[in-house]
Structure formats: C-alpha cells, structure tokens
Amino acid sequence: MGKINIAELFEGLQNQMIAQLNINRQFITHPGSKGDALENAWIEWLSNYLPNRYSVDKAIVIDFEGNTSHQIDIVIYDNWYTPFIFSQNGFHYIPAEGVYAVFEVKPDINGSVEGKSYIQYACEKIESVRVLKRTSTSMINSGNFTSARPLTKIIGGILTSTNTFTHRDNNTIEKHLKEQTGFKGIDIGCIADYGSFYIDYSGKENVELKDFNDRYTDYYESRVINKIIFSQTSNSVVSFFLQLTRYLQQAIGTVPAIDLNAYSKAINFTIDEEL
C-alpha cells in the first residue's frame, strides 16, 4: 500500500495559484483588465477546490425589499436551498439568504481607491452585504420538520497578490484591520506573497434575543478583536483555503431556508406553504 506526501500536494496547490497570480500581474497592464483577471483567477481557484455545494461568482446581493449591496468581486453562495439566482447580461443577483462569504480582490493590500484604503474599501463592501435583510423559515429535512434557524454569519475578507507596505510586518496590516468594527469587520484574508490571516474575535450571540435580525446585529456590534493570526509566506494560499473551509463547513453549516413569501409580495402573490 502506497503513501503520499500531503505537504507536497499542498505545495503544488500553493505554487499553482501563485504562478497564475504572478502571470496576471506581470503581463496584463490595463488596470481594469488586470482587476478582472485577478478576480477570475480567485473565482476559478475557489470553484475548483471548494465542494460543489458552494457556488462562486461576481455578484450583487439583494434582499426581499429590493435593497442591493455594492458590486462584490467574489460571492460564495448556496445553490441548493436558494431557489433563484437572477442573471442578466452575465451578472448575478443573489438573494442575501444564500450568501456564505464575500471577498474584495485587490492586487495589493497597500493602496487606496476613492480616498479610502483598500482594506477600508473592502470593509464597506462587506458591510453592504451584511446590512441586507434576510429571512429564515421552517423546512422539511430528511422527512423531519425543522424550525427556522438563526441567521448565519457572513464571512467577509480581502484577497490580494502582494504587500507593498513600507514596513512589511504584521503590525501595519493589523492597525488597518483593527480600525474596522461592526458589520465592517473582516474575518479572513490572503496576501499571496506574504501570508494569509484570520481574526479571532471575542463575543457570542445573545440567544436571549428572539428576533433573528436583532441577534445577528448585536453579535457584530459587540464582538471585539482578540488577536490576528498570520500564516507563513510559504503556505499563504493553502492556509487561507483550509481556514475558509473550516468556517464554511463547521462554523456556518447550511444557510437558513429562504422565506419565499417575503419575495412573492413583490408580485402581490401569496404562496401556499402546505400540500
């Protein structure tokens, strides 16, 4: 019976993604095209390695009142329990209930756009998704009635190729990350040629709050950064992927069942929920 070197497999995965990002950075010069290429590289990579239950696309997130998020570079979303994903002209509109995670993609962790640092800009995009209203309703699972579950967290992060801060140390990045609070708080990120990171927060949901939206809002408003953990440069992409998968599968699980009647009100139609 043979044996395989897991570390070498991970190294191959790391090198594959680094090479793709470097090619995009070196040979695509137009800023818009370069941005699209980087986004597509991350989307393709995540689509290839995440389980099939997760879909990955550029998208705008919507809620049942018609509110929309900013345009999001990468949305990881459910396509099993979320019955409709609107697509127009190659772009997706995804109900907020189906969203697991959102990411902003930038070439560099150091930079600014519209007078805001890339990290601040990413956090405002994350906030635009988290503030949307979500529904949760009961469902039948394996023949058993399941009550509506509390709203799941939405992972927020930033993905970049490099780090050109003058001081290439964790302190500079940590300073920017710690400035973002509430719905703007980042959970995880990857700087391909520097390292990945995740943020350990103190705070738990107040289960005494019966309204799911109140409970969800209270959690984000009250959580506090405990510490920020960085990976080694040599396994930046792999460690990011392992941590992301841990969050998706064991910290979040399945998104809540969407209440279709909340959406059907837009066409003045009431759905019969029983057979």
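Refer to the preceding data block for the structure.
Nothing here was measured: the structure is a model prediction, and the numbers come from that model.

**Student:** How do you make sense of the sheet that holds strand E3 (residues 86-88) when you look at a structure like this?
**Tutor:** Sheet strands pair via backbone hydrogen bonds, and the direction of the pair is either parallel or antiparallel. One open sheet holds the 9 strands; their spatial order is E3-E4-E1-E2-E5-E10-E11-E12-E13, and the pairing between them is mixed. Both outer strands of the open sheet, E3 and strand E13 (224-230), are each paired with one neighbouring strand and no more. Strand-to-strand twist in this sheet, taken as the mean axis angle between neighbours without regard to direction, amounts to 35 degrees. Looking at chain direction, strand E12 (residues 195-202) and E13 are connected through 6 bridges and run antiparallel. What sits directly across from Ser202, in E13, is Val224.

**Student:** Help me out: how do you make sense of the side chain of Asp73 in this one?
**Tutor:** For Asp73, the position within the fold is in strand E2 (residues 68-78). We note that Asp73 is buried and unpaired, the nearest opposite charge coming from Lys125 at a distance of 4.1 Å. In this structure the side chain of Asp73 is engaged in a polar contact, spanning 2.9 Å, whose partner is the backbone nitrogen of Val105. In this structure Asp73 touches Glu39, Ile43, Asp57, Lys58, Phe103, Glu104, Val105 and Lys125, once residues within four positions along its chain are discounted.

**Student:** So what exactly am I meant to see when it comes to the nonpolar core here?
**Tutor:** Across soluble globular proteins, nonpolar side chains have a tendency to be buried as a group. In this structure, Val75, Val99, Val102, Leu177 and Ile186 are the most contacted members of the largest nonpolar core, which totals 34 residues. Those elements giving two or more residues to this core turn out to be strand E1 (54-62), E2, strand E5 (99-108), helix H3 (118-130), helix H4 (170-178), E12, helix H5 (212-222) and E13. With 5 residues, H3 is the single largest residue contributor to this core. In contact with Ile186, not counting residues within four places along its chain, are Ile119, Cys123, Ile126, Gly156, Gly157, Ile158, Leu177, Phe197, Ile199, Tyr201 and Arg223. Core analysis: the next-biggest nonpolar cluster, separate from the first, contains 33 residues, Leu46, Leu50, Val105 and Tyr247 among them.

**Student:** Mind showing me how you'd approach the pattern of salt bridges here?
**Tutor:** In total, this model carries 11 salt bridges according to the counting rule given. Of the charged contacts, one joins Arg130 and Asp187 as a salt bridge, the two residues approaching to 2.6 Å between their closest N and O atoms. In this pair, Arg130 is assigned in helix H3 and Asp187 in the loop between H4 and strand E11 (188-191), connecting sequence segments 57 residues apart. This pair shows no difference in class: Arg130 is buried, exactly as Asp187 is. Ionic pairing is found between Lys153 and Glu205, a salt bridge with its closest N-O pair at 2.7 Å. In this pair, Lys153 is assigned in the loop between strand E9 (144-146) and strand E10 (155-162) and Glu205 in the loop between E12 and H5, connecting sequence segments 52 residues apart. For Lys153, a relative accessible area of 23% translates into the label partly exposed.

**Student:** Just to check I follow, could you spell out the environment of Val207 for this structure?
**Tutor:** Inspection of the secondary structure puts Val207 in the loop between E12 and H5. Each C-alpha atom, one on Val207 and one on Pro150, is 9.4 Å from the other, the two residues being 57 residues apart in sequence.

**Student:** How do you make sense of H3 when you look at a structure like this?
**Tutor:** Since the α-helix turns once every 3.6 residues, residues separated by three or four places project in the same direction. The terminal C-alpha atoms of H3 lie 19 Å apart, and with 13 residues this matches the ideal 18 Å at 1.5 Å per residue to within 8%. Most of H3 sits out of view: 11 of its 13 residues are buried. All of the buried residues along H3 are Tyr118, Ile119, Tyr121, Ala122, Cys123, Glu124, Lys125, Ile126, Ser128, Val129 and Arg130.

Quick notes on the rules
- Residues numbered from 1 in each chain as written.
- Predicted model: local features only at pLDDT ≥ 70, side-chain atom pairs only at ≥ 80, totals over all residues.
- Heavy atoms only, no water.
- Pairing = 2+ DSSP bridges.
- Helix = DSSP H or I, 4+ residues; strand = E, 2+ residues; numbered from the N terminus.
- Axes fitted to C-alpha atoms, helices over the stretch in contact; angles between N-to-C directions.
- Buried < 20%, exposed > 50% of the residue type's maximum accessible area, 1.4 Å probe, protein only.
- Lys, Arg positive; Asp, Glu negative; His and termini not counted.
- Salt bridge = Lys/Arg side-chain N within 4 Å of Asp/Glu carboxyl O.
- Polar contact = N/O pair within 3.5 Å; in protein donor to acceptor, adjacent residues only side chain to side chain.
- Contact = heavy atoms within 4.5 Å.
- Core = buried A, V, L, I, M, F, W, Y, C linked by side-chain atoms within 4.5 Å.
- Expected span 1.5 Å × (residues − 1).

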